[in-house]
Amino acid sequence: MPEPVSPRPPLPRREALARREFLARTGTAALGMAFLPSGIWARPSFDLVIRGGMVMGGTGGPPFRADLGIVGDTIAALGDIDPAQGSRVLDVAGLMVSPGFIDIHSHSDGSILRYPTADSRVMQGVTTEITGNCGGSAAPRGPEETGADPEIAAPPADAIGVSETRPVWSDVASYFRVLEEEGISVNHALLLGQGTLREIVAGSQDRPLTPGEMAAVLRMVEEGMDQGAVGISTGLEYVPGRFTPTEEIVAMARAVARRGGLYATHIRNEESMLLEAVDEAIRIGRETGARVQIAHLKAAGMPNWGKQVAALDLIVGARTAGVDVLADAYPYTAYSTGLTIFMPAWAMAGGWEALARRLDDPGQRARIRAELLQRVLLDPGAFHLIVISSVRTDENRPVVGLNLEEIAEVRGEEPVDALLRLLMEEGGSVSFIGHGMSPENVEVVLAHPLVMIGSDGSSMAPPTEAARSRPHPRSYGTFPRVLGHYTRERQLFDLPTAVRKMTSMPADQVGIRDRGRVARGMKADLVVFDAATVRDEATFDDPHRFPIGILHVLVNGAPVVEGGIHTGRRPGRVV
Ligand SMILES: [Zn+2]
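Since we're looking at a predicted model, the values are computed, not measured.

(A) Structural view of the coordination of the zinc ion. Taken together, Cys134 (SG), His266 (ND1) and His296 (NE2) make up the protein donors of the zinc ion, found 2.0 to 2.3 Å from the metal. Here the donor residues for the zinc ion map to a single chain with the spacing C-x131-H-x29-H. Within this pair, whereas cysteine 134 is found in the loop between β11 (126–131) and α3 (172–182), its partner histidine 266 is found in strand β14 (residues 262–266), the two being separated by 132 residues in sequence. The pair cysteine 134 / histidine 266 is uniform in exposure class, with both members buried.

(B) Layout of the sheet that holds strand β4 (residues 54–55). Read from one edge to the other, the open sheet built from seven strands follows the order β5-β4-β9-β21-β22-β23-β24, with strand pairing classed as mixed. Strand pairing shows two members of the sheet lacking a second neighbour, β5 (64–65) and β24 (565–566), which therefore form its edges. Inspection of the sheet shows strand β22 (residues 550–555) paired to strand β23 (residues 558–562) by three bridges, in the antiparallel sense. Pairing of leucine 554 across the sheet is with proline 559, part of β23.

(C) Highlighting the pattern of salt bridges. Taken as a whole and judged by the stated rule, the model has 35 salt bridges. Where aspartate 67 meets arginine 65, a salt bridge forms, and the shortest distance between an N and an O atom there is 3.1 Å. Take aspartate 67: its relative accessible area is 2%, and that puts it in the buried class. Among the salt bridges present, the one from lysine 298 reaches glutamate 270, with a minimum N-O distance of 2.8 Å. Remark: glutamate 270 occurs in the loop between β14 and α7 (274–288) and lysine 298 occurs in the loop between β15 (291–294) and α8 (308–320); sequence separation between them is 28 residues. The exposure class of lysine 298 is buried, given its relative accessible area of 5%. Overall, the relative accessible area of 5% leaves glutamate 270 in the buried class. Through salt bridges that share partners, Glu237, Glu271, Arg375 and Asp379 make up one connected network.

Basis of the calculations
Residues numbered from 1 in each chain as written. Predicted model: local features only at pLDDT ≥ 70, side-chain atom pairs only at ≥ 80, totals over all residues. Heavy atoms only, no water. Donors = N, O, S within 2.8 Å, 3.2 Å for Na, K, Ca; no water. Helix = DSSP H or I, 4+ residues; strand = E, 2+ residues; numbered from the N terminus. Buried < 20%, exposed > 50% of the residue type's maximum accessible area, 1.4 Å probe, protein only. Pairing = 2+ DSSP bridges. Salt bridge = Lys/Arg side-chain N within 4 Å of Asp/Glu carboxyl O.

In structure tokens, the structure reads:
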């Protein structure tokens, strides 16, 4: 498991020096070609030489001065390289050269085909994203749902709509084909959403699966893993994940563990029942042997802030006892999700239509309203901490960016009624930002050696349409915020540690062997950044802003960002 490893030595130094001597002798270096003794004109050895930077290996060791030689999609050499050996030379003196950032917690399922250039991701240095988190994945799809919204099972935090004319796919293999045919700027790995699979066999029913349904789900897990999925995810606060008994997840995680996959979980509760929820995740790891990833670890809601350290202690204890569990976190004191998360489970049985019918009944509405009030007091703590980030209808567009107390005041209603009214008017789909975490806890979590960085964000771009929503800034700013604010300014950890939490640590946890490190033979996913200036620019009020200090980004050897500008290239692959 991801233990700190010393950085790999620059391998081809001797070869590079020998070649340099030869070039100097023959005097052809300036031409970029070498006249070999055999009489054949040799082409430059590398498609690209990245010259003069400080290399961060990705495993936590100190940066070292080295040039990189890229051939095709691979790092072919690391050491002193004569620039004449490169068809192209990128001079990065004074800058850091790091493995591309691997976002282990992404929700780009719904948006990567709408924004295939993944601007919000690559501009912050993300070169690979793991999607299908929180129980909802774009694939597989049930036979009757081609064209359906894959995000229904787990409303994504930053939903800004999905493509109206999305290409059709059914299973994981056909989804991957669509991604590669369309062309995307980032590499893509997929977790199978447990909510998605359960929805296919049993809809939004609040009951255990029948043996037949369970067998069908397990078949989908095995087929999806065989087609290249890297594991499964749960979203146990969403519909239908919240209706799932632990035993069903254990059976699925067992199938995943047999294939060396990952179990990633948005646990059952991140507030008053945080510790019980962490325990459930650990139990699943213990009983199945699967690697466990606790997603966006947090203690939400002021009354629960005291549980944060205890939750980390549970994870440490589990690892000591041999359970392979880690966690990820994003560097913000607010979370973002859909308003239905506050709804009592019984009210959500049968899905949104069933909830809408219950709200029409005065008796049931009163009960839902009372439980909702209770829940908001526990998390995030008050209605003014709930800020609407996106809606579907034009009529409600003006409330985007306002909190529920402000919205209620305009209409002369109680905040809880404003929440219910908005949900009804928007067909259950309202995203919000919940200002629910303490700054101290966010630092404790980020700094913990068992926690890596994951954005919980998604691919988007700042054209007019996206600007109509006010999503959580994490989609644009997560990784530069860790490098700038939390590393350089707050000094939570040193730069190599920060980079390790974004590169080799998630690569190892997902099981990606050829990315996440700078070494000869690894894929050339690289980020060149300025450690002195890198910082996030996206804010809660103005989220569609790219960071500064991320200068060059290579995906599979191809430049996707050059000089801080997106090149439009789409070299991303399914990994
Ligand atoms: Zn989640």
